[in-house]
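# Commentary on secondary and tertiary structure
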Amino acid sequence: MAKTYAAFYLPPEEKEAPKTDESLISKFSNSLTGAWKNLTTIVSNNDYEMLKDIARNMNIQGGTEFTQRYAVGALTDIINGRAVTNKTMLDSLFNTYAPALNAGLAQSEFNSLVEMRNAVKAGNINVSNFVQGLSSGLTAIQNTSEQTNYSKYGEEIPIDVLTKCIIDNSAIVAKQRTDLAERLNINVKPSENISITLNGNVKNENAELWYVNDFLQKITEVINKPEMIVLRIGKTIYENCIISAFKPTIENIYNISFEAKIEYKYTENLYSQGDKVKIVTPPKQELKNKLAKEVYKGIIYGSG
């Protein structure tokens, strides 16, 4: 789906981050480093780091420990200049890490994975090019998985046309008089919420009634629970939002217009725009209300 100018993201299902087995990674790294030393005699720091990254990425991107061990065994044989004829080892390497091997094809100087597999099976391969290509492919796959992608925020409900966006930001400002010196340093309580009013349209080009019902039902469920959502406007992400009001108008079967009021927890949020990310947090210093000293000019009674 192409990126829209704006979208709601409903709460995603909880997913565990990929876990690494440091003990297994260490064994893989030692095995590859030993084979590399047989190839080049000396293992440079750059080579060591490359092999360590390969071991870690193979652990993260691999399947079971069984397939990882066989794949690393195949790679060790390749580095040692031996033909890999064991089908289980070949399958573990080429089936499990096909995306990474495919991403590094050009650097490995092969036109297809089949051609690469046959060369590995025959022991007719440029070891340095193959390892460099695999390393680049594994890194590329890992970097892609770690890049910001909107799907991590949950189920996307695109807003096809955003016709109006009003952001209402206010703060509590002290009303009392203060001395000039104190007035310059006065602490004002920050706004905890920012209200965002959106007017937009959701298209239903196929004129399917279920789509209209599904769209309205999902927004209604989020409001009634209530649940936090994520709002995207362009490349700006607003996390921890609550839809406080939602007024849809079904103009016809092809188009739903709506007005939504969003409460955005400004002081608790991670704000990101493009590749820039910063944390917005409320000030930690104690809020003080500095009042001016009162001067009384009443009647002063003399003695006697």
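Quick caveat, the model's predicted, so the values are computed rather than measured. (Residues numbered from 1 in each chain as written. Predicted model: local features only at pLDDT ≥ 70, side-chain atom pairs only at ≥ 80, totals over all residues. Heavy atoms only, no water.)

Moving on, we come to the overall build of the chain. Helix and strand counts for the chain come out as ten helices and nine strands. The 304 residues of the chain split such that 35% are buried. Relative to all contacts within the chain whose residues are 6 or more apart in sequence, the contacts with residues 24 or more apart total 70%. When the accessible surface of the chain is totalled, it reaches about 18900 Å², and 50% of it is carbon and sulfur. (Helix = DSSP H or I, 4+ residues; strand = E, 2+ residues; numbered from the N terminus. Buried < 20%, exposed > 50% of the residue type's maximum accessible area, 1.4 Å probe, protein only. Contact = heavy atoms within 4.5 Å. Areas by Shrake-Rupley, 256 points an atom, 1.4 Å probe, with all protein chains shown as cover.)

Turning our eyes to something else, we now look at unusual backbone geometry. A positive phi is found at Asn240, a non-glycine position, where the angle reads about 55°. When you line up the elements, Asn240 lands in strand β6 (residues 236-252).

Right, let's get into helix α4 (residues 87-96). Within α4 the residues assigned to the buried category are Met89, Leu90, Asp91, Ser92, Leu93 and Phe94. Here α4 starts with a cap whose side-chain oxygen sits 2.9 Å from the backbone nitrogen of Thr88, and that cap is Asn86. (Polar contact = N/O pair within 3.5 Å; in protein donor to acceptor, adjacent residues only side chain to side chain.)

A few words on the pairing of β6. Where strand β5 (residues 229-233) meets β6, four bridges bridge the pair, whose relative direction is antiparallel. Directly across from Ile233, in β6, lies its bridge partner Thr236. Linkage of β5 to β6, two consecutive antiparallel strands, is achieved through a turn of two residues, within which Gly234 is found at a positive phi near 65°. Two elements, β6 and strand β7 (residues 255-265), share ten bridges in a ladder whose sense is antiparallel. Of the residues in β7, the one forming a bridge with Ile250 is Ile256. In this antiparallel pair of consecutive strands, β6 and β7, the connection spans two residues. (Pairing = 2+ DSSP bridges.)

Right, let's get into the packing of aromatic side chains. The description of two aromatic rings rests on the distance between their centres and on the angle between their planes. For the structure on display, the rule yields five aromatic pairs. Ring centres of Tyr238 and Tyr264 lie 4.9 Å apart, and the angle between their planes is 90°; this geometry places the pair in the edge-to-face category. In this pair, Tyr238 is assigned in strand β6 and Tyr264 in strand β7, connecting sequence segments 26 residues apart. Through a chain of ring-to-ring contacts, three or more aromatic side chains come together here, namely Phe8, Phe215, Phe246 and Phe258. (Phe/Tyr/Trp six-rings, centres within 6.5 Å; stacked < 30°, edge-to-face > 60°.)

As a packed pair, helix α1 (residues 22-40) and helix α3 (residues 65-79) sit with axes 9 Å apart at the nearest point and diverge in direction by 10°. When the interaxial angle is binned, α1 and α3 end up roughly parallel. Counted together, Leu24, Lys27, Phe28, Ser31, Leu32, Ala35, Trp36 and Leu39 of α1 and Glu65, Gln68, Arg69, Val72, Leu75, Thr76 and Ile79 of α3 form the full contact between these two elements. (Axes fitted to C-alpha atoms, helices over the stretch in contact; angles between N-to-C directions. Parallel < 35°, antiparallel > 145°, perpendicular 65-115°, else oblique.)

Let's shift gears to the nonpolar core. Core analysis: the biggest nonpolar cluster contains 36 residues, and Ile54, Met58, Leu75, Leu93, Val120, Phe130 and Val131 have the highest contact counts within it. At the level of elements, α1, α2 (45-61), α3, α4, α5 (98-103), α7 (113-122) and α8 (127-146) are the ones that each hand at least two residues to this core. Excluding anything up to four places from it in sequence, Phe130 contacts Leu75, Ile78, Leu93, Leu101, Ser108, Met116, Val120 and Ile125. Counting residues in hydrophobic clusters, the runner-up holds 26 residues, among them Leu10, Val212, Ile233 and Tyr264. (Core = buried A, V, L, I, M, F, W, Y, C linked by side-chain atoms within 4.5 Å.)

In this structure the tally under the stated criterion is ten salt bridges. Three or more residues are tied together by salt bridges with common partners; here these are Lys87, Asp91 and Arg117. (Salt bridge = Lys/Arg side-chain N within 4 Å of Asp/Glu carboxyl O.)

Next up on the list: the packing of α3 against α4. When two helices pack together, their arrangement is captured by the angle between the axes and the distance separating the axes. Contact pair α3 / α4: the axes reach a minimum separation of 8 Å and the direction vectors enclose 100°. As the angle between them shows, α3 and α4 are arranged roughly perpendicular. For the pair formed by α3 and α4, the contact residues are Phe66, Thr67, Tyr70, Ala71, Gly73, Ala74, Asp77 and Ile78 on the first element and Thr88, Met89, Ser92, Leu93 and Thr96 on the second. Across the contact of α3 with α4, the residue classes break down as seven nonpolar, five polar and one charged. (Nonpolar A, V, L, I, M, F, W, Y, C, P; charged D, E, K, R; others polar.)

So, about α7. One turn of an α-helix holds 3.6 residues; hence residues three or four places apart share an orientation. Of the positions making up α7, those classed as buried are Met116, Ala119 and Val120. The buried residues of α7 occupy an angular sector of 100° when the element is viewed end-on, so they sit on one face. Looking at α7, the residues exposed on the side facing more than 90 degrees away from the buried face are Val114 and Ala122. Backbone geometry just after α7 places Gly123 at a positive phi near 75°. (Arc of directions from axis to C-beta.)

So, about the side chain of Asp91. Relative to the helices and strands, Asp91 is located in helix α4. Asp91 sits in the buried class, given a relative accessible area of 19%. In terms of polar contacts, Asp91 uses its side chain to reach the side chain of Lys87, at 2.7 Å.

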